[in-house]
Amino acid sequence: MLLTILGCSGSLPGPNAPASGYLVEAEGFRLLIDLGNGALGALQSRCDPFSVNAVVLSHLHPDHCADFSALTVLRRYHPAPPYDPKEQRLPVFAPEEAPVRLAAAYAPSEEERTATDLSDVYEFHALAEGTVHIGPFEVTAARVAHPCTAFGFRVSHAGQHLVYTGDSGPCEALRRLADGASLLLSEASWPHGPANPVDVHMSGREAGELARAAGVRQLLLTHVPPWTDRRAMLTEARAVFTGPIQLAEQGVTYPIGPQNGSTTIRRHTALPNRR
């Protein structure tokens, strides 16, 4: 399994830093998880967006799905697509309201919103707790602690497990989802403290506590807002989790697989655009 960070800025994009977007690849299959502000441009530096085989959206806050409208423009109006997007619709696994909410975001007016239907180029599947097979991946979704309907994911392939928290405060669902994961991709949005709102986001310390409680092999911190000190999040997590930890870096690919009995995170250069 390969994990490429398309964007890891939390809550909004930062300077030259797209919001949440992650590409997971195995056996030639490309699974796109979230597509926040700026992530579609970053995706194009890795591969042709038409080569993406499926999309999973953790929730419908803009920093996780804003570029879905741009992807729709691409799929509807590209003058020379490699296949007919209406004949080969892109599977999208997302919260139940996604078809209506994403259509509203795409429509330029209230009048057009009532007639906008994105199912011409997408095949929508409503997310629910449980496991589905998407290409070569087994994807387990769990409801997590966030102000809207939101999911965390466990993506499994060939005995390796990538767990993505999405946006969530600490919760038992995440601990179960992350149990024994090869790599935990966890949000770390703000410094630890009693004034933080409940059931919204995690601090760096809480991400580290989750990694420790779940017994994960490695921890990769993501979704750090532009106003939060990234190094402080790393320091907080390291204070409670003794395993390998890194800050997610936009444009970097992390292989997830057994290497000398463990999963090793290495820096990879993003591949050139290709179909």
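The structure displayed is predicted, hence computed values, not measured ones.

## What about the environment of Leu247?
Looking at the secondary structure, you find Leu247 in strand β13 (residues 245-247). Residues Leu247 and Glu236 lie 11 residues apart in sequence; the distance between their C-alpha atoms is 12 Å. In this structure, Leu247 is in contact with Leu220, Leu221, Arg230, Arg231, Leu234 and Tyr254, ignoring residues within four places of it in sequence.

## Some words on the sheet that holds strand β9 (residues 151-157)
One open sheet accounts for 7 strands, arranged β7-β8-β9-β10-β11-β12-β13; its pairing is mixed. Bordering the open sheet on either side are β7 (130-134) and β13, each of which pairs with just one other strand. When strand polarity is set aside, the average angle formed by the axes of neighbouring strands in this sheet is 20°. Pairing between strand β12 (residues 218-222) and β13: 3 bridges, direction parallel. What sits directly across from Leu220, in β13, is Gln246. In the packing of helix α7 (residues 204-214) onto the sheet, contacts are made with β11 (183-187) and β12, and the angle to β11 comes to roughly 155°. In the packing of helix α8 (residues 230-238) onto the sheet, contacts are made with β12 and β13, and the angle to β13 comes to roughly 165°.

## With respect to the packing of α7 against α8
One can describe the packing of α7 onto α8 by two numbers: an axis separation of 7 Å at closest approach and a directional angle of 40°. The crossing of α7 and α8 is right-handed. Of the residues in α8, those in contact with Gly204, Arg205 and Gly208 of α7 are Met233, Glu236 and Ala237. Classifying every residue of the contact of α7 with α8 gives 2 nonpolar, 2 polar and 2 charged.

## Side note on the nonpolar core
Counting residues in hydrophobic clusters, the biggest one holds 30 residues, and the most contacted among them are Leu3, Leu31, Phe153 and Val155. Put simply, the parts of the chain that give this core at least two residues each are β1 (2-7), β2 (21-26), β3 (29-35), β4 (54-56), β8 (137-143), β9, β10 (160-164) and β11. Residues Leu32, Phe50, Leu90 and Tyr106 belong to the second largest nonpolar core, which totals 29 residues.

Criteria and thresholds
- Residues numbered from 1 in each chain as written.
- Predicted model: local features only at pLDDT ≥ 70, side-chain atom pairs only at ≥ 80, totals over all residues.
- Heavy atoms only, no water.
- Helix = DSSP H or I, 4+ residues; strand = E, 2+ residues; numbered from the N terminus.
- Contact = heavy atoms within 4.5 Å.
- Pairing = 2+ DSSP bridges.
- Axes fitted to C-alpha atoms, helices over the stretch in contact; angles between N-to-C directions.
- Left-handed = near helix turned anticlockwise from the far one by under 90°.
- Nonpolar A, V, L, I, M, F, W, Y, C, P; charged D, E, K, R; others polar.
- Core = buried A, V, L, I, M, F, W, Y, C linked by side-chain atoms within 4.5 Å.
- Buried < 20%, exposed > 50% of the residue type's maximum accessible area, 1.4 Å probe, protein only.

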